[in-house]
Structure formats: C-alpha cells, structure tokens
Amino acid sequence: MTQRDRFKAVYDMHYSAIQQYAARRTSSPEDTADVLAETFLVAWRRIGDVPQGDKALLWLYGVARRVLANQQRGASRRAVLTERLRDELAAVRTVTPVELDHVRKAFDELPERDREVLALACWEGLSGEQIAQVMGCTAIAARTRLHRARRRLAALLERQPLTMVMRKA
Amino acid sequence: MNDIDDLVQAIDPAPYALPLGPGARELRDAIMADEPRRARRLPHLRLRILLAPAATAAVVALVVTLVVTLVTSLTAAPPVLTPSRPNQELYDLADRIERLPASSGAYWRDVRIEGNAWSAGGRYMIMVVERRETWQPRDPADVVIRRWSSAAAHPATVADERAWRASGAPAQVAGPCYVGGRTSCRPVPLSDGDVVGGPPSARGGGVGGSKGCGYSSGLEPRGIYPDMTVAEFTMADLSGFPARPDALLKRLHAYHELSTARGFAQSFEEFLPVTVNLLAMPLGPAQRAAVIRVLAGSPSTKVVGTVRDPLGRAGLSVDFGGTGSQLLSPDRTATVRDRHILDPGTGELLASVSYAARTGAGVSEGQVLGYRARGPESGWTGPPARAPEGCKRGG
C-alpha cells in the first residue's frame, strides 16, 4: 500500500469522527474546517507514524486536540476551505434544545479539562483507557478525572432547577 | 452510563456524523497535492508543527499554497453557492436523501412507542409507555399482523424519580384514565429501569415484554394503510406517490378537499403540517424528499435544531406551528408545543414530541409530556416467521 493509499484510507475512515470532534469544540464552520485541515495535514505529513486499526482514530483525536489548543491560543488561520466544504459543514448547525439550556450552561461552567474528559466519554464514546491515550495520561488518571468531572457537573446541576433525562433505548 | 452521562450526551452539539461529501474529498485531495515528508528524516516534526509558532506559520503557508493549487485545479467543478432560504436545513436534507437507494419487502413493519406523562396522585409525574406494532403486507392477500403490549411506566424526570423514591418507590401506580374513555384507572408497573426498547428479557414485565402482550392477525381486503391522518391510502397508492413537489402539492390539495367534504373545517395551511406523518409511511427516498420540500416551503414551518429523540437518536427537530393540550390527570391539562424529529440520514420521521409550553400545573416549560416514536425495527422486511412468541391472540 502506498502512502497515498494509506492516507486516503485513514482519511475516508475517520473524516466523519474528526469532523464531529472538531464541530463539537468550535463555534463556526470555518474553525471546524481549520481543525479538520490541520489535523489531516499533520496525518499526511506523518503518515508513517499513524498507528494501524482503531488506534489511528485515537491518534487523530490527540492531534486534533493539540490543533484546537493552538487555535484557542489565538493563532488565527484560515485553512483549505472551499465553498463546498464550508457549505457542507454549515449544513449541520445544531442547537441545544431549550429544555436543556441549563445543562449546557452547567457544562460550560466546568474547567476545560473536565469538559474534555466528559466530552470524550459521552460524545466520542471513549473508554477510560482510550481517553488516556488521547489526553496523554494513565488510564487510572483518566478514570479519576472522569469521575471527578461527573461529580462536579452533578453538583452544578443540583443548584439548577428541574433536570430532565430522556430515557434511552 | 449514568444520568450525568445521559445529560451530557443529550447536549452533544454535533450528534451525527457528516458523511464524506464533495467538499471533504476536495480537502483530502488538496492535502495530498504535496508529498508527505518522511518522519524518519524529520524526527521532531510533530513538535515543530504543533507547538512552535514558526512551524505553525509554515503550516499556514503550505495550506495557503494548497488553496491556490486547489482553486486552480477545480475549474471543472467550480463551487456554486446557493443563497440560504428559510428552513435551508430541510432543503439540504431533501437533497441528501433523494438519491438514496430505495428498499423494499413483502411487509412494512411499523413499530410505535408512545409515552404520555401522567400525574401519580399529584405527588410526582410518571411517563406511561406503550408499544404497538403493525406488519402491513404489500399484497392485500397477505394477513395484517398487529401486536401490542401492556403499558409500563417510569418516573418522568429525575426530580420525579426522587419524589417516587421518597414515597417508598411503589412498584405499581394507578395509570391514565381518560375522561369519556376508560373510567377505571388501571394500574401500571412502575420502575426506574428502561421501559423502552431492548430485549424483553432485560425488561421483565416492561413494554414489549411477553407479560401482558397480545396480537391479532387477519386479512384487510381493502389493504388500507392504518395511518389515515392524511388520507386513506392503499400500499399501491403510497408506492405511486409523487416524487416532485409540484405534483405532490396538487395531490395534497385533493386530499384536503376530501377532508373538507367530510366535515373537517380547516384551511389547507392548517392541514399541511399533518403531512409530516407521510414521513413514517412506506415511501421511497425521492418521495420523502418531495414531502420534506413541500413542508419546508410552508410559512408555519421552522427548523428548531438538532436534538435527541425520546429513544436517544439524534435528529432534526422541526416546528410546524400550533399548540395542543395534554391531559395530565382527569382534571388537569397542560398546553404543549409539538416538535417533529426527522432522521438526518433518511428523512424519515423518528418521533413526534410534545413539550410543556409553559411552567405550571406541576410541569416545567420544555418538559416532555408526550411522544410517539418509531421503533428502530421499523421498515421494509420479509413476512413474519411466526406468531409473536408468548403473546395471547386477541389480547
């Protein structure tokens, strides 16, 4: 398999997951596109280092996390952004249901590290061990952080009015 | 998974994945326009790219170069921007789904899970859940099978769960009794477990469990589809439904005139929102796309955003206007606003949900007071292998 084939396979397999990861943590389609472009640019330049199998996604999450940290530190940039990509990303505008505004507010009040560990667990659906790989810590530390983040969010919600949970299938 | 995780999941800002579209493929090709560097020759590349501002600037420079390459190499397919319209998300959804492959089968299976909030003696609210399913044959010479389950309930909210536990966590409470309908409030089992979906063995006597379920099977010679909210359709009618919005609109006007002739005094604009029910019927992707486009053009239609439905699935929530009311006890009602949640991948109706329009009568604004969700098993299938196991014929 050539480097091009390998990158194409990694990109096609994980584009959707990285798009979701980026969209969850950015406020505009332009920023989402920046994170996507830079994450996969790093993957292309380091295609020989990208692990095989499921670990490739965790590796990409780790890169995207650092790209985001750079972006949030104020390094403004506008990456490869065609109108078509902008349209595609803009088509998935999301709104937190009004009845869950208080949950969103409480979540936003958490420290960044708590938000990230909860997001990796609940949005990306990662286990403690996988979170550890993305965040660069031990599995025990990841589980401890997750436990504390849940407790802090519960404490914030306790101060809020009615909390509703929809039942899952 | 605990309640906190459920709540975090419910506020997921990007709950469904974007498939690899043309724009994403352009990005991929633009990135690959340059040769990758060999990691062995540049062992510190990662740090340089990710942490050093100078390297970041280099990445930006490369990206800018790629943009130029991309722009000059895309003359064959220049991007076209279409101006945004009201409810653009619905038009986008229609564009996405209309060319999906159509599926088929001998039977259309329709699984409905309905939840209705009810006051448990004024102390807390419960959500009473019932499951019904219909196997509608494509050929009216085959039997129609219907299956239903006894209701089961869970506390409606976390606060209600606390109140339920504080009152001794009774395993059974008086269920809904509707004015003018059943006069005795039949007891329903109440638990804090999932009563929706999942294998019956995991739910004990919950909804869909073998305890308290019934079924019927028989011929329906006219082959009328059971949902008659828009009009009476045979499966053949549905199969020949228009796939163009203008033709569909004409057909809907004819249905409206028929409904007016039968004494339903409502304008076409008032009638139109009910056509969202077509999105739960056996239509092909192009026909669903036409329905979505017609609804998107209705003045009362407003896209609310992406939400999770009562079964936890992400979907596009749409308001078609209007409010209704929901009975919470024999002498108490609440005003509700209805939302319809569409599957972003297929355009099918996932659920219709009624939210409390305002705080009062023991409920909070935005609280779910009722829903009707399509089970994930719904869709085209083959004939059922045998009668529903463990269910009593005739109920």
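Definitions and limits used
Residues numbered from 1 in each chain as written. Chains lettered and ligands numbered in written order. Predicted model: local features only at pLDDT ≥ 70, side-chain atom pairs only at ≥ 80, totals over all residues. Heavy atoms only, no water. Helix = DSSP H or I, 4+ residues; strand = E, 2+ residues; numbered from the N terminus. Buried < 20%, exposed > 50% of the residue type's maximum accessible area, 1.4 Å probe, protein only. Areas by Shrake-Rupley, 256 points an atom, 1.4 Å probe, with all protein chains shown as cover. Contact = heavy atoms within 4.5 Å. pLDDT = per-residue confidence, 0-100. Salt bridge = Lys/Arg side-chain N within 4 Å of Asp/Glu carboxyl O. Expected span 1.5 Å × (residues − 1). Arc of directions from axis to C-beta. Lys, Arg positive; Asp, Glu negative; His and termini not counted. Polar contact = N/O pair within 3.5 Å; in protein donor to acceptor, adjacent residues only side chain to side chain.

*Asks:* Give a description of the overall build of chain A that names residues and reports values.
*Replies:* Per the secondary structure count, chain A includes 8 helices and 0 strands. With 169 residues in all, chain A has 57% of them scored as buried. Accessible area of chain A: about 7,400 Å², with a carbon and sulfur share of 49%.

*Asks:* I'd like a description of the overall build of chain B, backed by residues and values.
*Replies:* Along the backbone of chain B there are 11 helices and 15 strands. Expressed as a percentage of its 395 residues, the buried residues of chain B come to 50%. In chain B, 61% of the contacts between residues at least 6 apart in sequence involve partners at least 24 apart. Within the structure as shown, chain B displays about 18,300 Å² of accessible surface, and the carbon and sulfur contribution to it stands at 54%.

*Asks:* An account of the confidence of the model for chain B is needed here, citing residue identities and associated values.
*Replies:* All names here are of chain B. Per-residue pLDDT for chain B has a mean of 79; in total, 78% of the residues score no lower than 70. Across chain B, the secondary-structure element scoring lowest on mean pLDDT is helix α3 (residues 45-51), at 31, and the one scoring highest is helix α11 (residues 285-296), at 96. Segment residues 38-83 is flagged for pLDDT under 50; beyond a separation of four residues in sequence, or across chains, it makes 56 contacts in the model. Across residues 179-183, confidence stays below pLDDT 50; counting only partners more than four residues off in sequence or on other chains, it has 4 contacts. Scored by ipTM, the complex comes to 0.86, with pTM at 0.57.

*Asks:* Quick one: what's the story with the pattern of salt bridges, residue by residue and with numbers?
*Replies:* Residue and element names in this part refer to chain B. In the structure shown here, the tally under the stated rule is 34 salt bridges over all chains. Among the salt bridges present, the one from Arg374 reaches Asp110, with a minimum N-O distance of 3.8 Å. Highlighted residues: Arg374 in strand β13 (residues 368-374) and Asp110 in strand β1 (residues 107-120), separated in sequence by 264 residues. Across the pair, exposure class does not vary: Arg374 and Asp110 are buried alike. The closest approach of N and O atoms between Asp309 and Arg313, which form a salt bridge, is 2.7 Å.

*Asks:* Can you explain helix α5 (residues 101-109) of chain A? Please cite residues and give values.
*Replies:* Listed as buried for α5 of chain A are His102, Val103, Arg104, Ala106 and Phe107 of chain A. Residues of α5 of chain A that are buried in the fold lie against α6 (112-122) and α8 (139-158) of chain A together with α1 (3-10) of chain B.

*Asks:* Provide a residue-level description of the confidence of the model for chain A, including the pertinent values.
*Replies:* Residues and elements named next belong to chain A. Per-residue confidence for chain A gives a mean pLDDT of 82; residues scoring 70 or more make up 82%. In this model, residues 74-80 is a region of pLDDT below 50 whose contacts with residues beyond four sequence positions or in other chains number 23 contacts. The low-confidence segment residues 162-169, where pLDDT is below 50, has 46 contacts with residues more than four positions distant or belonging to other chains.

*Asks:* Explain helix α9 (residues 245-261) of chain B to me, and be specific about the residues and the numbers.
*Replies:* Residues separated by three or four positions in an α-helix point in the same direction, a consequence of the helix having 3.6 residues per turn. Residues and elements named next belong to chain B. Between its first and last C-alpha, α9 extends 24 Å over 17 residues, near the 24 Å set by a 1.5 Å rise per residue. Looking at α9, one finds that the buried residues are Leu248, Leu252, Tyr255, His256 and Ser259. Seen from one end, α9 has its buried residues packed into an arc of 105 degrees, which puts them on one side. Exposed residues on α9 whose side chains face more than 90 degrees from its buried face are Lys250, Glu257 and Ala261. Two residues or fewer after α9 comes Gly263, characterised by a positive phi angle close to 100 degrees.

*Asks:* Go over the side chain of Asp343 of chain B, please, and point to the residues and values.
*Replies:* All names here are of chain B. Turning to its location among the elements, Asp343 is positioned in the loop between β11 (332-342) and β12 (349-356). Although buried, Asp343 forms no salt bridge, and the nearest oppositely charged side chain, Arg313, lies 6.7 Å from it. A distance of 2.7 Å separates the side chain of Asp343 from the backbone nitrogen of Gly345, its partner in a polar contact. The contact partners of Asp343, leaving out residues within four places of it in the chain, are Leu93, Glu348 and Leu350.

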